[in-house]
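# Structural characterization, general
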Amino acid sequence: DAGVTQSPTHLIKTRGQQVTLRCSPKSGHDTVSWYQQALGQGPQFIFQYYEEEERQRGNFPDRFSGHQFPNYSSELNVNALLLGDSALYLCASSKTSGRSYNEQFFGPGTRLTVL
Amino acid sequence: AQRVTQPEKLLSVFKGAPVELKCNYSYSGSPELFWYVQYSRQRLQLLLRHISRESIKGFTADLNKGETSFHLKKPFAQEEDSAMYYCALSGRNTGFQKLVFGTGTRLLVSP
């Protein structure tokens, strides 16, 4: 099992463009969370998908949207890119099982640079 | 609001010295606290969580609800401990699967 995989590794876009980042969860996991990590900061929760629906959302504008597919993989879309969207985007997967925390396994991240 | 504070951006120690990475949190209720670690060129990974009460790689962390702290400690630092350390919390108020991270502390262990 390769664990959580993300593509692409790096991406350069210009302001106003749109971007799609992809994530494949660890085998056996059904929940995918996305985090944004700006330089010098800790990861910030964007949203989480379970059973192909957004289950929880952090304090991010509607320009950030996502999707989960039947095979549990996920996409993060960002529209109308701003310079401030430049960051490392982390995907994390877990196996949902009730009302306690289940360990999230992180991918290597996608480095997005907006010029 | 739920918040995690790591006051030190960088902690530099010599091999064999004791280490304490500080973490304070703000949360209404009973959070779950975690330490995540990121070694050079590796992905973020869970080091330990308070409910397991175990020692991982010689590190321990005790949840102090009175002081709202969850400091990470190791009695004798090793060079391979050099990494970025993040304290994080989750709980009913945040949604159990949502992690709230601190800004991280870089630990540098010199020979």
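Each chain has its residues counted from 1, running along the sequence as written. Naming scheme: in the order in which they are written, chains are lettered from A and ligands are numbered from 1. For a predicted model such as this one, the threshold for reporting local features is a pLDDT of at least 70, and the threshold for listing and counting side-chain atom pairs is 80 or more; totals across whole chains, interfaces and linings nevertheless cover every residue. Remark: hydrogens and water are excluded; side-chain values derive from all non-hydrogen atoms of the structure.

### Some points on the nonpolar core
For clarity, the cut-off: Definition used in this section: a nonpolar core is a set of buried Ala, Val, Leu, Ile, Met, Phe, Trp, Tyr and Cys residues joined via side-chain atoms within 4.5 Å. Each residue's exposure class comes from its accessible area (1.4 Å probe, protein chains only) as a fraction of the maximum for that residue type: buried when under 20%, exposed when over 50%, partly exposed otherwise. The helix count covers DSSP runs of H or I at least four residues long, the strand count covers runs of E at least two residues long, and both are numbered beginning at the N terminus.
The biggest cluster of nonpolar side chains holds 26 residues, and the ones touching the most others in it are Trp35(B), Leu72(B) and Tyr85(B). Those elements that place two or more of their residues in this core are strand S2 (10-14), strand S3 (19-21), strand S5 (32-38), strand S6 (45-49), strand S9 (83-91) and strand S11 (105-110) of chain B. A total of four residues in this core trace back to one element, the largest contributor, which is S9(B). Counting residues in each nonpolar core, the second largest holds 20 residues, with Val4(A), Leu21(A), Val32(A) and Leu76(A) among its members.

### Quick look at the pattern of salt bridges
Oppositely charged side chains are able to pair whenever their charged atoms sit close together. All names here are of chain A. To be explicit about the condition: Note on definitions: salt bridges are taken to be side-chain nitrogens of Lys or Arg within 4 Å of carboxyl oxygens of Asp or Glu.
This model, assessed by the stated rule, comprises eight salt bridges over all chains. The salt bridge partner of Arg22 is Glu75, with a shortest N-O separation of 3.4 Å. Of this pair, Arg22 sits in strand S3 (residues 19-24) while Glu75 is found in strand S8 (residues 74-78), placing the two residues 53 residues apart along the sequence. Its salt-bridge partner being Glu54, residue Arg57 comes within 3.0 Å of it at the nearest N-O pair.

### Details of the environment of Gln78(B)
The cut-off we apply is this: The contact rule is simple, with two residues in contact once any of their heavy atoms fall within 4.5 Å.
Mapped onto the elements, Gln78(B) comes out in the loop between strand S8 (72-74) and S9. For Gln78(B), the residues in contact, after removing those within four places along its chain, are Lys15(B) and Val109(B).

### Quick notes on the sheet that holds strand S7 (residues 60-61) of chain B
Residue and element names in this part refer to chain B. Convention followed: Strands were regarded as paired on the criterion that DSSP finds at least two bridges between them.
Across the sheet, three strands lie side by side as S3-S8-S7; this open sheet has antiparallel pairing. Every other strand in the sheet has two partners, leaving S3 and S7 as the edge strands with one partner each. With two bridges joining them, S7 and S8 adopt antiparallel strand pairing. Residue pairing for S8: Ala61 is matched across the bridge by Leu72.

### Quick look at the environment of Leu112(A)
Residue and element names in this part refer to chain A. Secondary-structure assignment places Leu112 in strand S11 (residues 110-114). Sequence-wise, Leu112 and Asp1 are 111 residues apart; in three dimensions their C-alpha atoms are separated by 26 Å. Ignoring any residue separated from it by four or fewer positions in sequence, one finds Leu112 in contact with Leu11, Lys13, Val19, Leu81, Asp85, Ser86, Ala87 and Tyr89.

By themselves, these figures tell us nothing about what the structure is for.
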